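Notes for the structure review
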Number of protein chains: 2
Amino acid sequence: MQYSSKVLESAIREIAKLPGIGQRTALRLALHMLRQDPEEMHQLSESLRHLVDDVVYCKKCHNISDTEICNICADTKRQENLICVVEDIRDVMAIEQTSQYRGLYHVLGGLISPMEGIGPAELNITSLVERIDNENIEEVIFALSSNMEGDTTTFYIYKRLSEKEISVSTIARGLAVGDALEYADEITLGRSLQHRVPYEQSLRSK
Amino acid sequence: MQYSSKVLESAIREIAKLPGIGQRTALRLALHMLRQDPEEMHQLSESLRHLVDDVVYCKKCHNISDTEICNICADTKRQENLICVVEDIRDVMAIEQTSQYRGLYHVLGGLISPMEGIGPAELNITSLVERIDNENIEEVIFALSSNMEGDTTTFYIYKRLSEKEISVSTIARGLAVGDALEYADEITLGRSLQHRVPYEQSLRSK
């Protein structure tokens, strides 16, 4: 596409580098921006610069944060003996959204994947082991994806923690609340049966 | 959604103001940006600021431009007696893409739409009339959408130009090249029949 403005062209080129945004969408977004109040667009531009320059990661749990220690780790009302291990910060948000978990987190920053050349050294695993050594942790909950990479990562960390005196668990897998049995895949349904819970316990969790 | 970083939250809020981008996509884009080279993201932020601050519109044809007169109006090789009237700058790009048109443009900046409160005064119509009075224009081609607003705008401008000694035309409507007759809507097919071209002329335009 030929553009009659170099400024427009360079903006479109930069916007189109974002994932899921092609040339046409970039053009549409750029033209939209031109129709907006310049002040609002300066805010957008500024907030992107801030994002890249000012966001830091929590020194303890590697969650995204504005301060050295994130507000979850700094919250004294949370259960300090419980760590939930997740792949990335989106998982922290998803779990926080449930309001069902009051412990701490540890963000690995990825999963072990020989195919993509990601080994244990690339992930925040050593800092997890150090936390378990130095803090008063009683339980580690794995909340990683149930695929090859997730299972490998869980198993690898589980092995490294095997000599520590802590209990290790993984989140329950099974049919989603509201799912019909007939449409469930057999692995999930099998897992749901295997990990059945006593009826009285299931009543309490409602 | 709760975010553990105010900086992230404000970036997501700004990104999600863009059309077609919701909270989830904004989060995905923000996290993508955090994984990129900060230098690249500064470029994105800068190019958006430039876009809003430095883009101007051509004083003659109202096309987007980096200079007072756009590179199409400034191009002495183009046919200066021919103006194509379009709704917005995207239409200029679409026509330029064909490489079939060597005249000038006039960008109205919208269409007359009583429903949306857009009257002739909101559009660049007076400047079009002035161009026809002052420049040596011989033909005006209307390339507006064939809907209520487009037809109204074409008719309104046509009336205002009725006393000028110029020829006025509209772009041809008909079946797209490659379209099958059986799937065409009746209005388009009817128009294709009405505006049929002599066979020899159709050979020349291939």
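Residues numbered from 1 in each chain as written. Chains lettered and ligands numbered in written order. Predicted model: local features only at pLDDT ≥ 70, side-chain atom pairs only at ≥ 80, totals over all residues. Heavy atoms only, no water.

Focus: helix α1 (residues 6-15) of chain B
For an α-helix the count is 3.6 residues per turn, leaving residues at separations of three or four pointing the same way. Residues and elements named next belong to chain B. Going by this rule: Classification of residues uses two cut-offs on accessible area relative to the type maximum, computed with a 1.4 Å probe and protein chains only: under 20% is buried, over 50% is exposed, and between them is partly exposed. Helix and strand definitions follow DSSP, with helices as H or I runs of at least four residues and strands as E runs of at least two, each counted in order from the N terminus. When we speak of the arc, we mean the arc of directions from the helix axis to the C-beta atoms. A 3.5 Å cut-off defines polar contacts: any pair of N or O atoms within that distance qualifies, except that in protein one atom must be a possible hydrogen donor and the other a possible acceptor, and neighbouring residues in sequence count only when both atoms are side-chain atoms.
Within the sequence span of α1, burial applies to V7, L8, A11, I12, E14 and I15. The buried side chains of α1 occupy one side of the element, clustering within an arc of 165° when seen end-on. Put simply, S5 is the residue that caps the front of α1, since its side-chain oxygen is 3.3 Å from the backbone nitrogen of V7.

Examining helix α6 (residues 148-160) of chain A
Residues and elements named next belong to chain A. Put simply, the rule is: A helix is expected to span 1.5 Å multiplied by its residue count minus one. Pairs of residues are marked as contacts when any of their non-hydrogen atoms sit within 4.5 Å.
Compared with the 18 Å implied by 1.5 Å per residue over 13 residues, the 18 Å span of α6 between its first and last C-alpha is a close match. The complete set of buried residues in α6 reads G150, T153, T154 and I157. Considered in projection along α6, the buried side chains sweep an arc of 100° and stay on one side of the axis. Away from its buried face, by an angle of more than 90 degrees, α6 presents the exposed residues M148 and F155. Against α5 (126-134), β5 (139-142) and β6 (167-170) lie the buried residues of α6.

Quick look at the relation of the copies chain A and chain B
To keep it simple, the criterion reads: Here the copies are matched by least squares. The fit uses the C-alpha atoms of residues with pLDDT of at least 70 in both.
For the pair chain A and chain B, the superposition axis carries a translation of 0.0 Å, the fit reaches an RMSD of 0.0 Å, and the rotation angle comes to 180°. When the rotation and shift are considered jointly, the pair of chain copies conforms to a two-fold rotation axis. Nearest to the rotation axis, the C-alpha of A:S45 is located 2.4 Å from it, this being the minimum over chain A. When the interface residues of chain A are mapped onto chain B, 100% of them again fall at the interface, so both copies present the same face.

Thoughts on the domain arrangement of chain A
Note the threshold: For the domains described, the bounds stem from an automatic or database domain assignment.
When its domains are assigned, chain A resolves into domain 1 (6-54) and domain 2 (77-171). Computed from C-alpha atoms alone, the centre-to-centre distance between domain 1 of chain A and domain 2 of chain A is 36 Å.

Describing the side chain of B:R78
Take B:R78: it is sitting in the loop between β2 (64-65) and β3 (82-86). Ignoring sequence-local partners within four residues, the contact set of B:R78 consists of B:I72, B:E96, B:Y101, B:R102, B:G103, B:L104 and B:Y105.

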